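Spelled out from the first residue to the last, the chains are:
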Amino acid sequence: MIYVGIDVAKDKHDCFITNPDGELSISFAISNNREGFDTLFQKIVSASVELSKVKVGLEATGHYSYNLLGFLLHKGLTTYVINPLHTNLYRKSLSLRKTKTDKVKERAKLKSSVSRLVCILFPKLQKLVPTLHMASVYALLSEFPGADAVATAHLTRLSNLLSENSKGRYGKDTAVIFREAARSSIGSHMPAKSLELKHTIKLIQEVTIEIDEIETAIKRIMEEEIQSPILTIPGISYRMGAMIIAEIGDFSRFDSADKILAYAGMSPSTYQSGQLNNCYAHMEKRGSRYLRYALYNATKYVCHWDESFGIYLGKKRSEGKHYNVALSHAAKKLVRLIFAMEKSGRAYIPVP
């Protein structure tokens, strides 16, 4: 059997041809055009005359893979379009998980900008609300971006605006408080900063919509395409489940749960010098930090929602272990459970 792996990109595709024993190893790049496709096919033919013994795998990277996929199928090659959540390239640059992470970071920076601008334009506002980053406050600042604008606003308009965007939580009383605070505020009158504030809030709202769309896409992929049994474990959400599966990838790569623990950097490392071994085993913290993050956070929720895991965590705590150490033991237990479930395909059955 001959295997062909292709990393798809806009202008070129990186290709690798190999066989099970590794004796054959050919790596090359082709242009994303007919000449490049012909070069790929010629190299495949030179590696194996029998095309029935060739299996080609490429990523579902949107429209960039369509033409190449059509060419390979037309040539009669067995071709697989690999789920993006299970490929390394997609995880690193194009995955939904990374896309969402980038969007969340972008939104966090924008929120910091809002806080900075409010300190300039209406500093008293921060002490009047639980957080600036709520729908009613954003609606207020979008229409009245500064203390001077709020101070001269019509009370009825302020009341209606706050009520509509807080679902009735804030009304006339809050509007009066805001307007009085604005009238005594030391906030600067800076039209350019006010415009920046309005624009920043609009960007936050747009990014939030994109994040919600990504969440929906992740949920759809987990439900309809991946259908992983680990979602039946109480406390593991679609988002965290997707991150765990994306980082582990193909479970057949690991012949034991301990290999996954090592891959996540959760295996204990022991310092040894001569005849002396240290008494404390620390986590290696190598490997995939994203997988380690997902497993630890998933474990917190699983211990909360599943009785057997909660009891196990409590047992480790009663032994005098620090919470984080006890949690690491529970995380290892969770990894072994996930490995067994993925191998068997069976749903989680709570231990009575």
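Residues numbered from 1 in each chain as written. Predicted model: local features only at pLDDT ≥ 70, side-chain atom pairs only at ≥ 80, totals over all residues. Heavy atoms only, no water.

What to know about the overall build of the protein chain
Okay, so step 1: Tallying secondary structure elements over the protein chain gives 14 helices and 9 strands in all.
Okay, so step 2: Within the span of the protein chain, comprising 352 residues, buried residues form 41% of the whole.
Okay, so step 3: Long-range pairs, those at least 24 residues apart, make up 58% of the contacts in the protein chain between residues at least 6 apart in sequence.
Okay, so step 4: Approximately 19,500 Å² of the protein chain is accessible, and the part contributed by carbon and sulfur atoms is 53%. (Helix = DSSP H or I, 4+ residues; strand = E, 2+ residues; numbered from the N terminus. Buried < 20%, exposed > 50% of the residue type's maximum accessible area, 1.4 Å probe, protein only. Contact = heavy atoms within 4.5 Å. Areas by Shrake-Rupley, 256 points an atom, 1.4 Å probe, with all protein chains shown as cover.)

Thoughts on the packing of helix H5 (residues 135-143) against helix H9 (residues 191-226)
Okay, so step 1: Contact pair H5 / H9: the axes reach a minimum separation of 8 Å and the direction vectors enclose 140°. In terms of axis orientation, H5 runs oblique to H9. In this structure, the crossing between H5 and H9 has a hand that is left-handed. Between H5 and H9, the residues in contact are Tyr 138, Leu 141 and Ser 142 and Leu 197, Lys 198, Ile 201, Ile 204 and Gln 205, respectively.
Okay, so step 2: Among the residues making up the contact of H5 with H9, the classes are represented as 5 nonpolar, 2 polar and 1 charged. (Axes fitted to C-alpha atoms, helices over the stretch in contact; angles between N-to-C directions. Parallel < 35°, antiparallel > 145°, perpendicular 65-115°, else oblique. Left-handed = near helix turned anticlockwise from the far one by under 90°. Nonpolar A, V, L, I, M, F, W, Y, C, P; charged D, E, K, R; others polar.)

What to know about helix H10 (residues 238-248)
Okay, so step 1: Of all 11 residues in H10, 9 are buried, a share of seventy percent or more.
Okay, so step 2: Residues Met 240, Gly 241, Ala 242, Met 243, Ile 244, Ile 245, Ala 246, Glu 247 and Ile 248 constitute the buried set of H10.
Okay, so step 3: Positioned one or two residues after H10, Gly 249 has a phi angle of 75°, which is positive.

Details of the sheet that holds strand S1 (residues 2-7)
Okay, so step 1: Strand order in the open sheet formed by 5 strands is S3-S2-S1-S4-S5, with mixed pairing between adjacent strands. Every other strand in the sheet has two partners, leaving strand S3 (25-31) and strand S5 (78-82) as the edge strands with one partner each. Pairwise comparison of adjacent strand axes, ignoring direction, gives a mean angle of 20° for this sheet.
Okay, so step 2: When strand S2 (residues 12-18) meets S3, the two strands line up antiparallel, connected through 7 bridges. Of the residues in S3, the one forming a bridge with Thr 18 is Ser 25.
Okay, so step 3: Sheet contacts for helix H1 (residues 34-47): S1, S2, S3 and strand S4 (54-59); angle to S3, the most-contacted strand, approximately 165°.
Okay, so step 4: Set on the sheet, helix H2 (residues 66-74) makes contact with S1, S2, S4 and S5; between it and S5 the angle comes to about 155°. (Pairing = 2+ DSSP bridges.)

What about the side chain of His 13?
Okay, so step 1: Along the chain, His 13 turns up in strand S2.
Okay, so step 2: A polar contact is formed between the side chain of His 13 and the backbone nitrogen of Ala 9, at a distance of 3.3 Å.
Okay, so step 3: Discounting chain neighbours no more than four positions away, the residues touching His 13 are Ile 6, Asp 7, Val 8, Phe 28, Ala 29, Ile 30, Asn 32, Phe 37, Tyr 64 and Leu 68. (Polar contact = N/O pair within 3.5 Å; in protein donor to acceptor, adjacent residues only side chain to side chain.)

A look at the pattern of salt bridges
Okay, so step 1: Per the stated rule, a full pass over the model turns up 15 salt bridges.
Okay, so step 2: The partner of Lys 103 in a salt bridge is Glu 106, and the shortest N-O contact between them spans 3.9 Å. Here Glu 106 and Lys 103 lie together in helix H4 (residues 96-121), a separation of 3 residues that amounts to about one turn.
Okay, so step 3: The class for Glu 106 is partly exposed, based on a relative accessible area of 34%.
Okay, so step 4: A salt bridge links Asp 258 to Arg 336; its shortest N-O distance comes to 3.3 Å. Of this pair, Asp 258 sits in helix H11 (residues 257-263) while Arg 336 is found in helix H14 (residues 323-344), placing the two residues 78 residues apart along the sequence.
Okay, so step 5: Of the residues examined, Asp 258 reaches a relative accessible area of 44% and is grouped as partly exposed. (Salt bridge = Lys/Arg side-chain N within 4 Å of Asp/Glu carboxyl O.)

Regarding the nonpolar core
Okay, so step 1: Ile 233, Ile 244, Ile 260, Leu 295, Leu 334 and Ile 338 are the most contacted members of the largest nonpolar core, which totals 40 residues.
Okay, so step 2: Every element with two or more residues in this core is listed here: H9, H10, H11, helix H12 (289-305), helix H13 (307-318) and H14.
Okay, so step 3: Ranked by the residues each element gives to this core, the list is headed by H14, at 9 residues.
Okay, so step 4: When sequence neighbours within four positions are dropped, the list of residues in contact with Ile 260 reads Ile 248, Phe 251, Phe 254, Leu 291, Val 335 and Phe 339.
Okay, so step 5: Counting residues in hydrophobic clusters, the runner-up holds 34 residues, among them Val 114, Leu 117, Ala 147 and Leu 197. (Core = buried A, V, L, I, M, F, W, Y, C linked by side-chain atoms within 4.5 Å.)

Digging into the pairing of S4
Okay, so step 1: With 5 of its 6 residues buried, S4 lies for the most part within the structure.
Okay, so step 2: Both S1 and S4 contribute to a ladder of 5 bridges, which runs parallel. Each residue of the ladder has a partner; that of Ile 2, found in S4, is Val 54.

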